[in-house]
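# Summary of the model geometry
Residue strings, one per chain:
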Amino acid sequence: LSDLPCNVIPPKDYAFLELELKKYAASRGFKNQFVLPDPQESTCYADKLNGFVVEPTGSIQKCCEYIGCKSEEVGSLPDGIVVNNQSLKWLHFDPFSLPQCKKCKILPLCMGGCPARIMNNEKRSMCPTFKYNIVEFLKKYEATKSLTTI
């Protein structure tokens, strides 16, 4: 995955900043700042049976994070999809088996985050920001909803 520094602002701190920015945007007339997140079936196309990335060379990957990584290929345009360990690991991704997610109340909203980052044991948080500001976010959503139904 990328070597760029990530999470310069920790997600928990960013959640507060994000909420403040949404409030500011709403105060300036920007609409739909407080929209409820939808429950997710999965977090990514890579863990779906027919989700693939086709590279310019014709190589096929399950995830765009692995473009150019020969060891992660799951096939090619001339040869088709190959059922191998690389393709099966994506289909077996199960956020309900992750210790950090198993008991989380918002798991149905995020489904564990990015499977590639989890499979690579990245240490940075995969949690969406609304995990940390959901109560305040829901209060703002309700206030916004009340204003639009008057």
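A quick note: this is a predicted structure, and the numbers were derived from the prediction, not measured. (Residues numbered from 1 in each chain as written. Predicted model: local features only at pLDDT ≥ 70, side-chain atom pairs only at ≥ 80, totals over all residues. Heavy atoms only, no water.)

## Some remarks on the overall build of the protein
- The helix and strand inventory of the protein stands at six helices and four strands.
- Out of the 150 residues belonging to the protein, those deemed buried represent 30%.
- Pairs at least 24 residues apart make up 46% of the contacts formed inside the protein by residues separated by at least 6 positions.
- When the accessible surface of the protein is split by element, carbon and sulfur atoms take 58% of a total near 10,100 Å². (Helix = DSSP H or I, 4+ residues; strand = E, 2+ residues; numbered from the N terminus. Buried < 20%, exposed > 50% of the residue type's maximum accessible area, 1.4 Å probe, protein only. Contact = heavy atoms within 4.5 Å. Areas by Shrake-Rupley, 256 points an atom, 1.4 Å probe, with all protein chains shown as cover.)

## Notes on unusual backbone geometry
- The backbone of Met 111 shows a phi angle near 55°, a positive value even though the residue is not glycine.
- Considering the arrangement of structural elements, one finds Met 111 in the loop between α4 (107–110) and α5 (115–119).
- We classify Met 111 as buried; its relative accessible area is 10%.

## A short note on the sheet that holds strand β3 (residues 75–76)
- Strand order in this open sheet of four strands is β1-β2-β3-β4, and the pairing throughout is antiparallel. Across the chains shown, the open sheet's two edge strands, defined by having one partner strand only, are β1 (53–54) and β4 (80–81).
- In this sheet, β4 lies alongside β3 in antiparallel orientation, the contact comprising two bridges. In the sheet register, Ser 76 faces β4, and the bridge partner there is Gly 80. (Pairing = 2+ DSSP bridges.)

## Side note on the pattern of salt bridges
- Tallied over the entire structure, the rule returns five salt bridges.
- Notably, a salt bridge pairs Glu 136 with Lys 23, separated by 3.7 Å at the nearest N-O pair. Remark: Lys 23 occurs in helix α1 (residues 11–27) and Glu 136 occurs in helix α6 (residues 130–148); sequence separation between them is 113 residues.
- Accessibility expressed as a relative area gives 25% for Lys 23, which makes it partly exposed.
- A salt bridge links Glu 65 to Arg 117, with the shortest nitrogen-to-oxygen separation between them at 3.6 Å. Within this pair, whereas Glu 65 is found in the loop between β2 (59–61) and β3, its partner Arg 117 is found in helix α5, the two being separated by 52 residues in sequence.
- With a relative accessible area of 30%, Glu 65 lands in the partly exposed category.
- On the basis of relative accessible area, Arg 117 is assigned to the partly exposed category, the value being 25%.
- Counted as one network, the salt bridges with shared partners bring together Glu 20, Lys 23 and Glu 136. (Salt bridge = Lys/Arg side-chain N within 4 Å of Asp/Glu carboxyl O.)

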